[in-house]
Amino acid sequence: MVNIIVELSKYIILTLMVLYTFHYVYMVRIHDRPDRRVHLTAHLRSQLVLFFLIDTLAFVVIYLETWNFSAVFFYLSTMVYFLLFQIFVRNVYPQASRMLLNNTCMLLGIGFIMLYRLD
């Protein structure tokens, strides 16, 4: 059963990454529209949800393959880090690009997943 979940998770993560990329490309394209603020906010929230889903699914797969509880602790600590990072940057730099902030968190999350897998 674990093998089926691991195999399905590869395709689910790939689909979520494609959706994340679609949201980014769409946000870049609507940059000149007059009603862009409403669309940007919705897509930025969708990107954050997709990011958290990708990280959650990746760490669930890591936990199912290793049955090591430190994966759960590492996952929780990275999610707290990303939440604090989002809050800190938005408060300190209110004019910062949220698209760039989301992409930074996504790339850091993928890096943390790879580093944990190397362990």
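Cut-offs and rules
- Residues numbered from 1 in each chain as written.
- Predicted model: local features only at pLDDT ≥ 70, side-chain atom pairs only at ≥ 80, totals over all residues.
- Heavy atoms only, no water.
- Helix = DSSP H or I, 4+ residues; strand = E, 2+ residues; numbered from the N terminus.
- Buried < 20%, exposed > 50% of the residue type's maximum accessible area, 1.4 Å probe, protein only.
- Lys, Arg positive; Asp, Glu negative; His and termini not counted.
- Charge placed at Lys NZ, Arg CZ, Asp CG, Glu CD.
- Contact = heavy atoms within 4.5 Å.
- Expected span 1.5 Å × (residues − 1).

K.L.:
Help me out: how do you make sense of the overall build of the chain in this one?
P.N.:
Of the regular secondary structure elements, the chain holds four helices and zero strands. When the elements of the chain are put in sequence order from the N terminus, they spell out α-α-α-α. Projected onto its principal axes, the C-alpha coordinates of the chain cover approximately 50 × 30 × 20 Å. When burial is assessed residue by residue, the chain has 32% of its 119 residues classed as buried. Averaging the locations of the 9 positively and 6 negatively charged side chains of the chain gives two centres separated by 12 Å.

K.L.:
Looking at this model, I keep getting lost on the side chain of H43. Mind explaining?
P.N.:
Relative to the assigned elements, H43 resides in helix α2 (residues 36-66). Setting aside residues up to four positions removed in sequence, H43 forms contacts with H23, Y26 and M27.

K.L.:
Which parts of the structure should I look at to understand helix α3 (residues 70-92)?
P.N.:
In an α-helix, one full turn covers 3.6 residues, which means residues spaced three or four apart are oriented alike. Counted at 1.5 Å a residue, the expected span for α3 with its 23 residues is 33 Å, and the 32 Å between its end C-alpha atoms agrees. For α3, the complete set of buried residues consists of A71, Y75, T78, M79, F82, Q86 and V89.

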